[in-house]
Amino acid sequence: MLSHLVVGSSLYFGDSLFYAICFILLLWVVKVLAWKPVTKMMQDRADKISNDIDSAEKSRSDAASLVEKRQAALNASRGEAQTIVQDAKTNGQQQRDQIVAQAQTDAQTLKTNAQKDIDQEREDALAGARNDVADLSIEIASKIIQRELNADDQKALIDSYIEGLGKHHES
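Under the annotation held in an unreviewed UniProt entry, the protein carries the name ATP synthase subunit b and is attributed to Levilactobacillus suantsaii. The annotation that UniProt attaches to the protein under Sequence similarities (unreviewed entry) is "Belongs to the ATPase B chain family."

Right, here's the structure in full:
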């Protein structure tokens, strides 16, 4: 098939020129029909890869930003929890102190009231004993002397005697 081209040891000039023109036309056809779509396809692919790299970088930076935000929120939550616990401890301590102070006040009030009641009962018992002793003394003296003494004079005498005993007994 290519045997007609080789005639001897050299090529003819006309054939060489034809082949060169065909080669140049073939290059032009390839450039027009294939080179532009291939370069366009390569450029589109390069753009896509570039966009993918950019979006991956953006996603990575967004993820890092999100991690930082979540870490900050977690730290804030921990701080808030510690504040709540500290406030609860402080409130509990204040309530405990208040309850203890109230209990001490109530105990002191009860003690004071009990002392007042004891003093009043003592005074009532002494007054009752004075009256009983006075009545008993009058009755005894009446029987012994066989005469009726003045009750007021007898009570005054017995009251002074009991007061003297009370003062002697208190010291």
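1. Regarding the pattern of salt bridges
A side chain of one charge can pair with a side chain of the opposite charge if their charged atoms are brought near each other. Summed over the entire model, instances satisfying the criterion amount to four salt bridges. Residue Lys-40 pairs with Asp-44 through a salt bridge whose shortest N-O separation is 3.3 Å. With Lys-40 and Asp-44 both in helix 1 (residues 13-145), this residue pair falls four residues apart, about one helical turn. Owing to a relative accessible area of 53%, Lys-40 belongs among the exposed residues under this scheme. With relative accessibility at 40%, the residue Asp-44 sits in the partly exposed group. Taking the shortest distance from any N to any O, the salt bridge between Lys-58 and Asp-62 comes out at 3.7 Å. With a gap of four residues between them, Lys-58 and Asp-62 both fall in helix 1, about one helical turn apart. Classification of Asp-62 as partly exposed rests on a relative accessible area of 41%.

2. Description of a negative patch on the surface
On the surface, Asp-117, Asp-119, Glu-121, Glu-123 and Asp-124 cluster together into a negatively charged patch. Tracing the backbone shows Asp-124 in helix 1.

3. Focus: the UniProt feature "transmembrane region" (unreviewed entry) in the protein
Following the UniProt record, one finds the feature "transmembrane region" (unreviewed entry) at residues 16-35. The span residues 16-35 is 100% helical and 0% strand by assignment, and the distance between its end C-alpha atoms comes to 26 Å.

What counts, and where the lines are drawn
Residues numbered from 1 in each chain as written. Predicted model: local features only at pLDDT ≥ 70, side-chain atom pairs only at ≥ 80, totals over all residues. Heavy atoms only, no water. UniProt positions renumbered as here; feature names shortened; annotations may be inferred. Salt bridge = Lys/Arg side-chain N within 4 Å of Asp/Glu carboxyl O. Helix = DSSP H or I, 4+ residues; strand = E, 2+ residues; numbered from the N terminus. Buried < 20%, exposed > 50% of the residue type's maximum accessible area, 1.4 Å probe, protein only. Patch = residues over 30% accessible without salt bridge, like charges linked within 9 Å, V, L, I, M, F, W, Y side chains within 5 Å. Areas by Shrake-Rupley, 256 points an atom, 1.4 Å probe, with all protein chains shown as cover. Lys, Arg positive; Asp, Glu negative; His and termini not counted. Charge placed at Lys NZ, Arg CZ, Asp CG, Glu CD.

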